[in-house]
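Letter by letter, the chains look like this.
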Amino acid sequence: MSSVDTAVPPVGTATAPAAPRPGERSTLRALGWAAALPLRLIDAPMRGVQKLIGERGMPYVFLLPNAAFFGLFVFLPLAINLWFSLTGGAALFPSERPYVGTQQYAYLLDCGSFIDPGSCREDHFWRGVANTGTFALFNVVGTVLASLVTALVLNRRIRARGFFRAVFFFPVLLSPVVVALIWKWILQRDGLLNAIIMGLGGDRILFLNEPGWAMFWAIFVSVWAHMGFYTLILLAGLQAIPSDLYEAAAMDRTPTHRIFWRITLPLLWPNMIVVIVLALIKGVQTFDEVFVLTGGGPGTATMMVVQYIYETAFANQVQNFGLAAAASVLLGAVLFILTLIQLGVAGRRRN
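Every value quoted in this text rests on a predicted model; they were computed, and no experiment measured them.

This part is about the UniProt feature "domain: ABC transmembrane type-1" (unreviewed entry) in the protein. Mapped onto the present numbering, the UniProt feature "domain: ABC transmembrane type-1" (unreviewed entry) falls on residues 129-342. In residues 129-342, helix accounts for 78% and strand for 0%; the two terminal C-alpha atoms are 20 Å from one another.

This is how it looks when you write it as structure tokens:
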């Protein structure tokens, strides 16, 4: 046998890795000891805690830091806000505010007719409620339809599919203030859109100064800015549907519309519920985009509930923290009820 045969191992034979040299061994040993040091420091205390509460109580020990953080920054502010809604006066500190019970709620709910905001004692609040309801309704419908159509298109085998997915998701990465400023530059009196219209021989349109146009563009900008996120949710649901179902439907020559209504939509319904709930919560809580785009105007045509809460508590000359807190509690209660209704409807459809 030649020296070449003995030097080169046969093809397919696994070669053992070279053993580390003495200097490398000490370095690896030191790195391993340094990496294990934090675990060794907490090992003794955790063993003592385990002896006190037992193994079944250890999961709660690991959940405790997160629960404390959640309680400090979620439940405590909620409790403080609820207390503010039951107090009056202009003082900021809770201990200095007099207790007035449900007086703030009675003031907000004092209406001749809840359908007519002008008959209410606090008409700005109810105009905000009406605007928010209109905005949320059309925003949810527009978001669901746009996201569903986009997800169905992007789920097909088209050229540059990854590129188009990134393009539709890109607005989600922008700040809502940046989105509103961009569209305000496009829609203002001397903006880009009016320049195009006038260049084609049309008349200037005051998109942000007329109530109907202002609400339309507020809804449009919100749908445009957030549909990419909901498209990803629906796209994940579409890709989770087994392809065998579509192959069987194709073999049976099932029409495309029947495949959509009998296969795609029922199996996509859980994702649709997520999109509807999230879009509804986002629509009811909307503030920054509409505030930057229209400022709540013209007049109060696009003033939302959250803007009313902000202005009542901070922007008005006379700051009324109690009234703003009561309005926020009512808003949270409505959101909670709507979410329960939607989840209940979704549960019935599953059964």
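Moving on, there is more to tell.
Once that is clear, we can look at the state of the cysteines. Here the structure, examined in full by the defined rule, presents one disulfide. Between the sulfur of C111 and that of C120 lies a disulfide, 1.9 Å long from S to S. Its torsion about the S-S bond being 115°, the disulfide of C111 and C120 is classed as right-handed. By the burial criterion, C111 is buried, and C120 matches it.

Before going further, it helps to examine the UniProt feature "transmembrane region" (unreviewed entry) in the protein. Following the UniProt record, one finds the feature "transmembrane region" (unreviewed entry) at residues 60-84, 135-154, 166-186, 216-239, 259-281, 290-310 and 322-345. Helix makes up 90% of residues 166-186 and strand 0%, whereas the separation of the span's terminal C-alpha atoms amounts to 23 Å. Its end C-alpha atoms 33 Å apart, residues 216-239 is made of 100% helix and 0% strand.

Another point: helix α6 (residues 161-173). Counted at 1.5 Å a residue, the expected span for α6 with its 13 residues is 18 Å, and the 19 Å between its end C-alpha atoms agrees. The largest bend in α6 amounts to roughly 25° and is located at V167, with the proline P171 lying one to four residues further along.

L108, F125, L234, M272, Y308 and I309 are the most contacted members of the largest nonpolar core, which totals 46 residues. Listing elements by their share of this core, those giving two or more residues are α4 (103-108), α5 (123-154), α9 (211-239), α11 (256-284), α13 (305-315) and α14 (321-350). Here the element with the most residues in this core is α11; it accounts for 14 residues. Ignoring sequence-local partners within four residues, the contact set of L234 consists of S147, L148, A151, L268, N271, M272 and V275.

A few words on a nonpolar patch on the surface. A cluster of nonpolar side chains, namely V149, V153, I158, F163, F164, V167 and F168, defines an oily patch on the protein surface of about 590 Å² accessible area. The set of elements that each furnish at least two residues to the nonpolar patch consists of α5 and α6. In terms of residue count, α6 provides more of the nonpolar patch than any other element does, four residues in total. Take V149: it is sitting in helix α5.

Evaluation of the coordinates by the stated rule reveals two salt bridges. The salt bridge involving R127 is made with D123; its shortest N-O contact spans 4.0 Å. Taken as a pair, R127 and D123 lie in helix α5 at a separation of four residues, close to a single helical turn. Exposure remark for R127: the relative accessible area of 32% places this residue in the partly exposed category. Its relative accessible area of 26% is what places D123 among the partly exposed residues. Two residues, D190 and R204, come together in a salt bridge whose shortest N-O distance is 3.3 Å. Note that D190 is positioned in the loop between α7 (176-187) and α8 (192-199) and R204 in the loop between α8 and α9, a separation of 14 residues in sequence. Overall, R204 belongs to the partly exposed group, its relative accessible area being 35%.

Calculation rules
Residues numbered from 1 in each chain as written. Predicted model: local features only at pLDDT ≥ 70, side-chain atom pairs only at ≥ 80, totals over all residues. Heavy atoms only, no water. UniProt positions renumbered as here; feature names shortened; annotations may be inferred. Helix = DSSP H or I, 4+ residues; strand = E, 2+ residues; numbered from the N terminus. Disulfide = S-S within 2.5 Å. Buried < 20%, exposed > 50% of the residue type's maximum accessible area, 1.4 Å probe, protein only. Expected span 1.5 Å × (residues − 1). Bend = angle between axes of the 7 residues up to and from the residue. Core = buried A, V, L, I, M, F, W, Y, C linked by side-chain atoms within 4.5 Å. Contact = heavy atoms within 4.5 Å. Patch = residues over 30% accessible without salt bridge, like charges linked within 9 Å, V, L, I, M, F, W, Y side chains within 5 Å. Areas by Shrake-Rupley, 256 points an atom, 1.4 Å probe, with all protein chains shown as cover. Salt bridge = Lys/Arg side-chain N within 4 Å of Asp/Glu carboxyl O.

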